[in-house]
Amino acid sequence: MRKRFLLWPLLLAVSASSALLGVLAADLSKEPFTIRISCGSFDDVHTAPTNTLWYRDFGYTGGRFANATRPSFIVPPLKTLRYFPLSDGPENCYYINNVPNGHYQVRLFFALVADPNLDSEPIFDVSVEGTLFSSLLSGWSSDDEKTFAEALVFVQHSSLSICFHSTGHGDPSILSIEVLQIDDNAYKFGSLWGKGTVLRTTKRLTCGSGKPAFDEDLNGIHWGGDRFWLGLKTLSSSSDDQPISTENVIAETLLAPNFYPQSMYQSAIVGTDRQPTLSFEMDVTPNKNYSVWLHFAEIDNGITAEEQRVFDVLINGDTAFKDIDIIRMTGERFTALVLNKTVAVSGTTLKITLQPVEGTHAIVSAIEVFDIIPAEMKTLTQEVTALRTLKGSLGLPLRFGWNGDPCIPQQHPWSGVDCQFDNTKRQWVIDGLGLDNQGLRGVIPSDVSKLQHLQSINFSGNSIKGNIPLSLGTIPGLRVLDLSFNELNGSIPESLGQLTSLQTLNLNGNDLSGRVPASLGGRPLHRVRFNFTDNAGLCGIPGLRECGPHLSVAAKIGMAFGVLVAFLFLVVFAACWWKRRQNIIRGQKLAAAREAPYAKSRTQFTRDVQMGKHHRPHETSPRGGNNESSPHLLS
């Protein structure tokens with residue numbers, strides 16, 4: 001009678017074995033990509049007992065360094081951490097680049113800042129690639145399992161972002177970050193699985209040994225990651241179950257894609273005559289899907305054949321697996337069996353019950369529970385780039401943060417940024433910027449036009465300088481543009497007249513000049529509000545001064561050229577006049593010098609000498625006589 005009902009469990013066994021074996025995505029001939037960061041450390045660190053290498057914390061993020069107080073025995077023995085004061089912004093991220101695309105186990109360990117003047121236990125959220133996967137709540141530092149968070153995520157763009165989001169209760173602090181490549185098909189749970197999901201580790205238990213351990217402690221291989229298993233000797237404090245163990249070799253372990261180590265199957269928890277049913281209960285977040293993985297191996301010396309141990313598995317009262325016979329499903333004793341089930345949980349509790357059907361008591365070797373989180377759709381790349389350019393150009397204060405993705409996680413968007421989901425592109429876009437009265441002192445970059453989905457821009461009440469970018473006129477859906485009360489100069493771009501959806505334009509309180517474009521000044525004012533006042537140089541519409549004759553650009557260039565030529569002519573004329581004047585002054589000085597008394601006496605003397613030459617002794621007298629017979633003049 002019993003055997004006629006055993007056909008579907010046999011099919012289940014074949015299905016489970018096929019899923020377990022799968023196609024080996026990992027190249028076991030090489031080591032997986034691995035990076036471990038000792039946050040806040042200036043040097044590389046090695047930790048016992050496995051001599052694990054942790055890289056120094058340099059070039060990944062901002063924040064502050066501090067000494068760490070480790071809150072539990074699970075946390076690796078590192079001495080420093082990095083924390084993020086709220087003054088540095090509400091969002092702070094580690095950016096890890098040059099990460100090969102693939103599937104990764106990302107694990108974070110938390111610690112407390114060793115400073116009595118700081119909040120001893122901060123409360124904050126954590127996201128990976130924009131998807132929120134962990135929230136540290138009050139009391140986390142006194143619960144060993146809550147001192148770390150782990151997620152399985154796909155890296156698709158050769159980089160990985162891990163962000164810490166302040167909730168206003170203390171400064172987020174991080175002790176270490178691990179990014180460990182695993183098999184691309186690891187924990188493939190069904191049709192919902194893929195690059196659009198993130199698996200958060202909710203519970204991972206190895207039963208019977210009571211000793212917590214990492215995969216490396218259990219002689220696991222690196223392609224399985226370095227999972228942490230919390231050891232249990234009993235599933236609950238009120239149960240009457242008992243641990244058993246073996247040193248026999250367990251077959252079908254370390255297989256792709258999950259690569260479970262053998263040691264976790266060498267111990268188990270079994271029911272007793274007093275309490276043959278095993279039951280495990282845990283708290284979960286309601287209205288979510290969970291992936292449950294159950295591990296078995298028949299290691300009880302009292303069970304040697306099929307049908308000696310048969311049990312059902314119920315999850316929250318519903319039968320998840322029926323008539324589980326480990327020896328029949330694996331073919332022999334001391335062989336690993338892995339079963340997986342996805343369940344929707346509406347309440348706050350997930351309860352796993354292993355209920356004997358035939359034979360003796362239930363048994364279980366290990367339990368894993370993952371929260372299935374839909375991965376967030378990211379913001380359009382060119383708009384993220386434009387916002388980062390805007391951040392630098394406007395000199396946004398550090399308190400703004402603006403790190404990570406501007407729109408996700410949805411619980412923590414960037415301050416001053418409004419987001420909208422574009423169903424066509426299946427990405428988030430930016431439809432509003434509200435940065436009014438924030439003390440901004442930079443200039444508006446032309447790249448702001450790359451935010452093509454903007455409907456509202458409000459930069460009023462700052463000290464923004466420079467010109468209004470011409471590119472603003474290319475944002476088709478812009479309805480509100482408020483640049484009032486800044487220090488903008490230059491003219492109003494004609495391109496703003498192309499904004500046919502514009503309903504509010506506030507440019508008042510700046511240093512703008514020139515004629516208000518006719519396309520703006522002449523626009524009908526029905527349900528439209530434009531303000532150009534308090535710009536001393538503006539003209540051309542009622543309420544402003546009248547403009548002079550309007551000159552074209554060519555006319556303005558011609559006038560400038562004429563002024564330049566006239567200036568050069570004046571310079572040449574002045575130089576010639578000055579030269580002539582100098583010559584006149586020099587001539588006058590020479591003439592004046594000749595009229596001086598000393599000059600006159602010298603001239604008279606010269607004349608006397610010249611006249612005396614005509615009366616020398618050897619010359620004939622005027623009468624024709626001989627000069628020799630004439631009496632000599634006395635000297």
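Predicted model, so just to flag it, every value in this text is computed and none were measured. Per-chain numbering applies: the sequence of each chain, read as written, is numbered from 1 onward. Only residues with pLDDT of at least 70 are given local features in this predicted model, and only at 80 or more are side-chain atom pairs given and counted; all residues enter the totals for whole chains, interfaces and linings. Side-chain measures here rest on the full set of heavy atoms in the structure, leaving out hydrogens and waters.

**Topic: the confidence of the model for the protein chain**
- The pLDDT averaged across the protein chain works out to 87; a share of 86% of its residues lies at or above 70.
- Confidence of the prediction at every residue is given by pLDDT, a number between 0 and 100. By the convention used here, residues are in contact when the closest approach between their heavy atoms is within 4.5 Å. Note on residues 1-24: pLDDT is under 50 here. Beyond four places in sequence and across chains, it has 34 contacts.
- Taken together, the stretch residues 613-635 has pLDDT below 50 and engages in nine contacts with residues farther than four places along the chain or on a different chain.

**Describing the packing of aromatic side chains**
- In this scheme Phe, Tyr and Trp rings, the latter by its six-membered ring, pair at centre separations within 6.5 Å, and the angle between planes marks the pair as stacked below 30 degrees, edge-to-face above 60, and tilted otherwise. For the coordinates displayed, the defined rule picks out 21 aromatic pairs.
- Taking 6.3 Å as the distance between ring centres and 80° as the angle between the ring planes, the aromatic pair formed by Tyr-94 and Phe-164 counts as edge-to-face. Of this pair, Tyr-94 sits in strand β6 (residues 91-97) while Phe-164 is found in strand β12 (residues 159-169), placing the two residues 70 residues apart along the sequence.
- For Tyr-94, a relative accessible area of 0% corresponds to the buried category.
- With a centroid separation of 6.5 Å and 85° between ring planes, the pair formed by Phe-400 and Trp-402 is classed as edge-to-face. Helix and strand labels come from DSSP, where a helix needs a run of H or I of at least four residues and a strand needs a run of E of at least two; each type is numbered from the N terminus. The cut-offs for exposure are 20% and 50% of the maximum accessible area for each residue type, with area from a 1.4 Å probe on protein chains only; residues under the lower value are buried, those over the upper are exposed, and the others partly exposed.

**Describing the sheet that holds strand β18 (residues 242-245)**
- The pairing criterion for strands is at least two bridges between them, as found by DSSP. Reading across from one edge, β18-β19-β26 is the order of the three strands in this open sheet, with antiparallel pairing throughout. In the strand order of this sheet, the two ends are held by β18 and β26 (363-364), each with one partner.
- Sheet topology places strand β19 (residues 267-270) next to β26; two bridges connect them, and they run antiparallel. In the strand pairing of β26, Val-270 is matched with Ile-363.

**Things to note about a nonpolar patch on the surface**
- Only residues whose relative accessible area exceeds 30% and that form no salt bridge are eligible for patches; like-charged ones are grouped when within 9 Å, while nonpolar side chains (Val, Leu, Ile, Met, Phe, Trp, Tyr) are grouped when within 5 Å. Only the protein chains shown count as cover for residues, and the accessible areas themselves come from Shrake-Rupley with a 1.4 Å probe. What counts as a salt bridge is simple: a side-chain nitrogen of Lys or Arg found within 4 Å of a carboxyl oxygen of Asp or Glu. A cluster of nonpolar residues, Phe-569, Leu-570, Phe-573, Trp-577 and Trp-578, forms a patch on the protein surface that exposes about 660 Å² of accessible area.
- Relative to the assigned elements, Leu-570 resides in helix α5 (residues 553-594).

**So, the environment of His-46**
- Note that His-46 resides in strand β2 (residues 45-47).
- Residue His-46 is classed as partly exposed on the basis of its relative accessible area, which comes to 48%.
- Separated by 31 residues in the primary sequence, His-46 and Pro-77 place their C-alpha atoms 9.5 Å from one another.

**Section: the nonpolar core**
- Only buried residues count toward a nonpolar core. Its members are Ala, Val, Leu, Ile, Met, Phe, Trp, Tyr and Cys residues joined through side-chain atoms within 4.5 Å. Counting 76 residues, the largest nonpolar core has Phe-296, Phe-311, Ile-324, Leu-350, Ile-352 and Leu-354 as its most contacted members.
- Of all hydrophobic cores here, the second largest spans 45 residues; its members include Ile-408, Trp-428, Ile-457 and Leu-512.

**Regarding the UniProt feature "transmembrane region" (unreviewed entry) in the protein chain**
- Here, the residues flagged by UniProt with the feature "transmembrane region" (unreviewed entry) are residues 557-578.
- Helix makes up 100% of residues 557-578 and strand 0%. Its end C-alpha atoms lie 32 Å apart. UniProt positions are given in the numbering used here, feature names are shortened, and annotations may be inferred rather than shown by experiment.

**A closer look at unusual backbone geometry**
- Cis rather than trans, the peptide bond between Ala-48 and Pro-49 has omega equal to 0°.
- With an omega dihedral of -5°, the bond running from Ile-408 to Pro-409 counts as a cis peptide bond.
- By the element assignment, Pro-409 lies in the loop between α3 (381-394) and β28 (417-422).
- Notably, Asn-98 is not glycine yet its phi reads approximately 60°, a positive angle.
- Structurally, Asn-98 is set in the loop between β6 and β7 (102-109).
- Although it is not a glycine, Tyr-187 adopts a positive phi angle of roughly 55°.
- By relative accessible area, which is 3% here, Tyr-187 ends up buried.

**Some remarks on the state of the cysteines**
- By definition, disulfides here are pairs of cysteine sulfur atoms that lie within 2.5 Å. In the structure shown here, the tally under the stated rule is three disulfides.
- Paired through a disulfide, Cys-407 and Cys-419 show a sulfur-sulfur distance of 2.1 Å. Around the S-S axis, the bridge from Cys-407 to Cys-419 shows a dihedral of about -85° and counts as left-handed. One end of the pair, Cys-407, is in the loop between α3 and β28; the other, Cys-419, is in strand β28, and twelve residues separate them in sequence.
- The partly exposed category is assigned to Cys-419, whose relative accessible area is 24%.

**Remarks on the pattern of salt bridges**
- Following the criterion strictly, the structure yields 21 salt bridges and no others.
- In this structure, Glu-178 and Arg-36 form a salt bridge, with 2.7 Å as the shortest nitrogen-oxygen distance. Residue Glu-178 is located in strand β14 (residues 176-182), and its partner Arg-36 is located in strand β1 (residues 34-38); the two are separated by 142 residues in the primary sequence. The same class applies to Glu-178 and to Arg-36, which are both buried.
- A salt bridge links Asp-226 to Arg-36, with the nearest nitrogen and oxygen atoms 3.5 Å apart. With a gap of 190 residues between them, Asp-226 in the loop between β16 (213-214) and β17 (228-232) and Arg-36 in strand β1 connect regions that are remote in the sequence.
- Classification of Arg-36 as buried rests on a relative accessible area of 11%.
- Residues participating in the shared-partner salt-bridge network are Arg-36, Arg-107, Glu-150, Glu-178, Arg-204, Asp-226 and Glu-368.

**Some remarks on the pairing of β14**
- Burial runs high along β14: seven of the seven residues are buried.
- Of the two faces of β14, both are covered, the one formed by Ser-176, Glu-178, Leu-180 and Ile-182 as well as the one formed by Ile-177, Val-179 and Gln-181.
- As defined by bridge partners, β1 adjoins β14 across five bridges and the pair is classed as antiparallel. Counterpart to Arg-36 in the pairing with β14 is Glu-178.
- As judged from the seven bridges shared by β7 and β14, these two strands associate in the antiparallel manner. From the neighbouring strand, Phe-109 faces β14, where its bridge partner is Ser-176.

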